[in-house]
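# A structural walkthrough
Each chain, written out:
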Amino acid sequence: SSVLASATHLEQQGATDKAVALLRDWRTKNAHIPPSVDFQLLYARLLLREDQGVEALGVLRTLQNQHLNTTQQELYTQLQLDYALYKARQLRSQGDMYGAAQAINPVLGHRADDPRVQQVNADIQYGLGNNAAAYQQYKQAAVQTTSADASLYLGLARTAASQHKTAEADAALQQVLL
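Okay, so let's go over this structure. (Residues numbered from 1 in each chain as written. Predicted model: local features only at pLDDT ≥ 70, side-chain atom pairs only at ≥ 80, totals over all residues. Heavy atoms only, no water.)

### Digging into the packing of aromatic side chains
For the structure shown, the criterion picks out 3 aromatic pairs. Seen from their ring centres, Trp26 and Phe39 are 5.0 Å apart, and the 40 degrees between their planes marks the pair as tilted. Pair noted here: Trp26 is in helix 2 (residues 16–29) and Phe39 is in helix 3 (residues 37–49), with a separation of 13 residues, a long-range link. Given the relative accessible area of 23%, Trp26 is considered partly exposed. Ring centres of Tyr83 and Tyr86 lie 5.9 Å apart, and the angle between their planes is 40 degrees; on these two criteria the pair is classed as tilted. Within this pair, Tyr83 and its partner Tyr86 are both found in helix 5 (residues 70–93), separated by 3 residues, close to a single helical turn. (Phe/Tyr/Trp six-rings, centres within 6.5 Å; stacked < 30°, edge-to-face > 60°. Helix = DSSP H or I, 4+ residues; strand = E, 2+ residues; numbered from the N terminus. Buried < 20%, exposed > 50% of the residue type's maximum accessible area, 1.4 Å probe, protein only.)

Structure, rendered in structure tokens:
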């Protein structure tokens, strides 16, 4: 539909807040029409990008009971991962390291090689005082990622320094400066 195309275009332009507003407005004006699966998948993704996890979780729960084709199922699975990472980051930022560890634990088993999962897990391990485990996770994430942000390399530098690996800490800091 044209509203999905417009929202996707806004997302691509970096205006996820406007895309969310557009989809919300459509839902309000068309409350009598159940939103399509594609609409809900896009809406949930945009909500997570705008740190609106509670509403995103509601959309994900609605999608749980719907028939999804293969592509939609893949997107839904990715959104479940994104939500778990969102929730773990949120709990960690609130100082609840054990809650954060519980939030990420379900995805660790089947997505342990995902650099985003490794980085969030490393952040949690660091928060728990497990510097050696955090260092290993940051290191794995740095090796596997192609689009790491500065926080990954800062975490790697911090934990490498705590393990007295100064050359690795310096190399990680150089990545931040690039």
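### Topic: the packing of helix 1 (residues 2–12) against helix 3
The interhelical angle for the contact between helix 1 and helix 3, taken along N-to-C directions, is 25 degrees, at an axis separation of 11 Å. By the angle between their axes, helix 1 is roughly parallel relative to helix 3. As for the relative orientation of helix 1 and helix 3, their crossing is left-handed in sense. Of the residues in helix 3, those in contact with Val3, Leu4, Ala7, Thr8 and Glu11 of helix 1 are Asp38, Phe39, Leu42, Arg45, Leu46 and Arg49. Across the contact of helix 1 with helix 3, the residue classes break down as 6 nonpolar, 1 polar and 4 charged. (Axes fitted to C-alpha atoms, helices over the stretch in contact; angles between N-to-C directions. Parallel < 35°, antiparallel > 145°, perpendicular 65-115°, else oblique. Left-handed = near helix turned anticlockwise from the far one by under 90°. Contact = heavy atoms within 4.5 Å. Nonpolar A, V, L, I, M, F, W, Y, C, P; charged D, E, K, R; others polar.)

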